[in-house]
Structures are given as C-alpha cells and as structure tokens.
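Okay, here's what each chain looks like letter by letter:
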Amino acid sequence: MWLSVVRASPPRADLLTDSERDHLDRLRHRGSRRDEWIAGRLAARRVLARRLGAAAQHLDVLSDEDGAPRVTGGAVPLAISLSHDGGRIAVALAPGGVRLAVDVCDRAHAGRLPAILRRLGVTGAHRDPCALWAAIECALKLRRRAVTALLGAPLKIAAAGAHQVRVSGLGADAVCQVVSRADHALAWAEEAA
Amino acid sequence: MIEPVDIADLRALIITAAPDPALARPVAGCGPDDPLDSVIPFSSVIVLGVVVAVEDRYRMRVTRQMLAGALEGGATLNRLAAMIDAARADTPAAP
C-alpha cells in the first residue's frame, strides 16, 4: 500500500479531468465541501502521478454512492481511500483486490473527542483520542458503514500491537495501524477483498 | 407543551460542534432544507459532535434509527429539527 499525507492544494476545478468535473457537477456540492472534494482529487492525482508516472493522466477519481472514492480508467484496478481534515489529505493506494481505508484526524478535534468517545462507550486502548477516532473512522470505511452504525454498536477498541488497534463491533474486526503526530493522528488498514 | 426547536439554535449548535467555525459558518446562512453536506464538510466527527450537543441541549437520546432518518437523503436543518421534535414528543422521527 502507498500512503501519503499531503497539504490540500487550492481547489482548482480546471485541473480535474472531464469525468471528474461532470461527477462533481452531479454531486451539487457547494462551498467548502466542494473545495474539499476537488482538493481530494488533486491530492490523489499527485500521488497517482508519483507512483504511476504518465499513466496517471488517464485515470479518474470518482466516488461511489456512499461517497467512497474509486479510481477508474486504468488498465490495472487500483484501490483508493481518501481522508480530509485540517487542510491535509491522506491518500492510500494499492493495486486492486484489496480493501483500503485511511483516516486523518486533526488535533483541532481533540477537545470534543473525549465526550464523543464516552458517548460511544469507547474507553482505554489508546491515550490519544484523535488516534482512537481515526481508527474508528478507518474501521467504518473498511466495512463501508455509515456514521449511524456507531450509535448503539457494541464498539470495542483493543491494543493489537505497538502501533495497532483492533476495532470490534462494526462487522468483522478491523485491525488498524495508528500513528500520533503533533498536529494530527493517522489510521490506516488494508485487507484482502 | 414543548416548544419546537429553534432553527437558529440548531445553526449555532452545528457551528460550535465544528472544529473550525469559519468553515462551518455557511450553516448560519444556508436554507433550512439545504443538505448540510453540500454546504460544509459535514464529517462524521461533526455529526457525532452534533449528536452529543443535541443530547446535552435537549436532554434526549439520539438513536441510530433517528439519526439515520435525519441523514437519509442528506441532513438538513429542518430534518434535524424534526428529529429532535419527534424525539421530545416521544414519537418516531419522520424522515
């Protein structure tokens, strides 16, 4: 898996592909949500270009009905996951046949996360609430569940290694890698599809 | 008699639940039926922040079904207000 965390670039829709622009028009996002969508595609394109060179020019990064990104147009299937927060974008890419998830959580959320985690009944496993939240979001993406799945879920998070946590209660257990940085936390996971 | 939820209160609550109030400011002026996800990045952490704030403010419990009903087709201020009103009246939330 290729994992990058990049700064969001200015949301220039003119740098999207034709298919991406059409897709964006259909989504009818406005304001910062629209900017975020564009910035995510541009970040994905930068990472794709770094990994695939000129072949990346022919790829589009669209989104499924649930908002999950997907790469189209290439000869070889690619799995992708994107996460935006605090002006940074995490991009996870891998050759197809895998499920990928990545989540970045900005420290700006640190103040309100303890109350949210308490509400969800999550305790322990990691001292860093941003890392816990990133792992939960990562598990949601991996299982393609909506945020509503968290309410009433028998959510449990247990340490599974030095930088790993196991998230239970959202379908099959998800094992996520987690790292805590000064300004954000990052969680990611990859498993066979 | 329970007063209906004040949409202005709800706007303030959502802006407060966002990590960056400047990014969430469009909620202050959006239409009550505008999908919030098209106006601001209505991310999971903001959704859950709003749930916690709603539960504190209105002394109620938001269930998965209630939240799913409010988010179906895109959460709007009116849908969230209807969810809260329905819960406070102890009737199922209308979609």
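Preceding block: the structure.
This section reports on the structure supplied with the text. Just so we're clear, the structure is a prediction, and the values are computed from it rather than from any experiment.

Criteria and cut-off values
- Residue indices follow the written sequence of each chain, beginning from 1 at its first position.
- Chains and ligands are labelled by the order in which they are written, letters from A for the one and numbers from 1 for the other.
- Side-chain atom pairs in this predicted model are given and counted only at pLDDT of 80 or more, local residue features only at pLDDT of at least 70, and totals for whole chains, interfaces and linings cover all residues.
- The basis for the side-chain values is all heavy atoms of the structure; hydrogens and waters are excluded.
- Lines are fitted to the C-alpha atoms to define the axes, a helix being fitted only along its stretch in contact, and any angle between axes, read from their N-to-C directions, falls within 0 to 180 degrees.
- Put simply, DSSP marks the helices as runs of H or I at least four residues long and the strands as runs of E at least two long, and each gets a number from the N terminus on.
- Should an angle lie under 35 degrees it is considered roughly parallel, over 145 roughly antiparallel, and from 65 to 115 roughly perpendicular; all remaining angles are considered oblique.
- Whether two residues touch is decided by their heavy atoms; if any such pair falls within 4.5 Å, the residues are in contact.
- Only Asp, Glu, Lys and Arg are considered charged, only Ala, Val, Leu, Ile, Met, Phe, Trp, Tyr, Cys and Pro nonpolar, and every remaining residue, Gly among them, polar.
- For two strands to pair, DSSP has to find at least two bridges joining them.
- Put simply, buried area is how much 1.4 Å-probe accessible surface two parts lose in total, over both of them, once they are put together.
- Basic side-chain nitrogens of Lys or Arg form a salt bridge, by our definition, when they fall within 4 Å of a carboxyl oxygen of Asp or Glu.
- Between N or O atoms, a polar contact is any pair within 3.5 Å; within protein, one atom must be a potential hydrogen donor and the other a potential acceptor, and residues adjacent in sequence are included only when both atoms are from side chains.
- Residues grouped as a nonpolar core are buried Ala, Val, Leu, Ile, Met, Phe, Trp, Tyr and Cys residues, joined through side-chain atoms within 4.5 Å.
- The cut-offs for exposure are 20% and 50% of the maximum accessible area for each residue type, with area from a 1.4 Å probe on protein chains only; residues under the lower value are buried, those over the upper are exposed, and the others partly exposed.

### What about the packing of helix H1 (residues 7–17) of chain B against helix H6 (residues 77–88) of chain B?
All names here are of chain B.
Then comes step 1: Closest axis-to-axis distance for the H1/H6 pair is 10 Å, and the angle between their directions is 105°. When the axis of H1 is compared with that of H6, the two are roughly perpendicular. Of the residues in H6, those in contact with Ile7, Leu10, Arg11 and Ile14 of H1 are Leu77, Asn78, Leu80, Ala81 and Ile84.
Then comes step 2: Considered class by class, the residues forming the contact of H1 with H6 number seven nonpolar, one polar and one charged.

### A word on the sheet that holds strand E9 (residues 174–180) of chain A
Residue and element names in this part refer to chain A.
Then comes step 1: Pairing is antiparallel across the open sheet formed by five strands, whose spatial order is E6-E10-E9-E8-E7. Sheet topology places strand E6 (98–106) and strand E7 (156–161) at the edges, where each strand pairs with a single neighbour. The mean inter-strand angle of the sheet, taken between neighbouring strand axes irrespective of direction, is 25°.
Then comes step 2: Where E9 meets strand E10 (residues 184–192), four bridges bridge the pair, whose relative direction is antiparallel. Its bridge partner being in E10, Ser180 is matched across the sheet by Ala185.
Then comes step 3: Along the sheet face, helix H4 (residues 129–142) touches E6, E7, strand E8 (164–168), E9 and E10 and points at about 150° away from the line of E6.

### Let's talk about the interface of chain A and chain B
Then comes step 1: Residue-level contacts link 25 residues of chain A with 26 residues of chain B.
Then comes step 2: Roughly 2,000 Å² of surface becomes buried between chain A and chain B when both sides are summed, with 61% attributable to carbon and sulfur atoms.
Then comes step 3: Three residues stand out in chain A for area buried against chain B, namely Arg30, Arg119 and Leu151 of chain A, and they jointly supply 29% of the buried area on that side.
Then comes step 4: Taken together, the connections running from chain A to chain B amount to two salt bridges.
Then comes step 5: Salt-bridge contacts for Glu55 of chain B lead to Arg119 of chain A; the nearest nitrogen and oxygen are separated by 2.6 Å.
Then comes step 6: For the pair chain A and chain B, the number of links is 10 residue pairs in polar contact (both at pLDDT 80 or more).
Then comes step 7: Only helix H2 (31–52), helix H3 (113–119) and H4 of chain A provide two or more residues apiece to the side of chain A that touches chain B.
Then comes step 8: Split into classes, the residues belonging to the side of chain A that touches chain B amount to 11 nonpolar, six polar and eight charged.

### Quick word on the sheet that holds strand E4 (residues 78–85) of chain A
Residue and element names in this part refer to chain A.
Then comes step 1: One open sheet holds the three strands; their spatial order is E1-E5-E4, and the pairing between them is antiparallel. Edge positions in the open sheet fall to strand E1 (2–7) and E4, since each of these has one partner strand only. Neighbouring strand axes in the sheet, compared pairwise and without regard to direction, differ in orientation by 15° on average.
Then comes step 2: Pairing between E1 and strand E5 (residues 88–95): six bridges, direction antiparallel. Following the sheet pairing, Val6 is matched in E5 by Ile89.

### Structural notes on the nonpolar core
Nonpolar side chains tend toward joint burial in soluble globular proteins.
Then comes step 1: Grouped together as the largest cluster of nonpolar side chains are 69 residues, with contacts concentrated most on Trp133 and Leu150 of chain A.
Then comes step 2: Sort the elements by how many residues they give to this core and H4 of chain A lands first, with 11 residues.
Then comes step 3: When neighbours within four sequence positions are excluded, Leu150 of chain A is seen to be in contact with Leu120, Trp133, Ile136, Leu140, Leu155 and Leu170 of chain A together with Leu48 of chain B.
Then comes step 4: Core analysis: the next-biggest nonpolar cluster, separate from the first, contains 16 residues, Val47, Leu48, Val61 and Leu93 of chain A among them.

### Considerations on the pattern of salt bridges
Then comes step 1: Counted by the stated rule, this structure contains 18 salt bridges over all chains.
Then comes step 2: Here Asp37 of chain B and Arg33 of chain A are joined by a salt bridge, their closest N and O atoms 3.2 Å apart. You can see Asp37 of chain B sitting in helix H3 (residues 36–39) and its partner Arg33 of chain A sitting in helix H2, one on each of two chains.
Then comes step 3: Among the ionic pairs, Arg70 of chain A bridges to Asp64 of chain A, the shortest N-O distance being 2.5 Å.
Then comes step 4: The partly exposed category is assigned to Arg70 of chain A, whose relative accessible area is 31%.
Then comes step 5: According to the relative accessible area criterion, Asp64 of chain A is partly exposed, its value standing at 26%.

### Side note on unusual backbone geometry
Then comes step 1: Of note in this structure, Arg28 of chain A is not a glycine but carries a positive phi near 60°.
Then comes step 2: Turning to its location among the elements, Arg28 of chain A is positioned in the loop between helix H1 (18–27) and H2.

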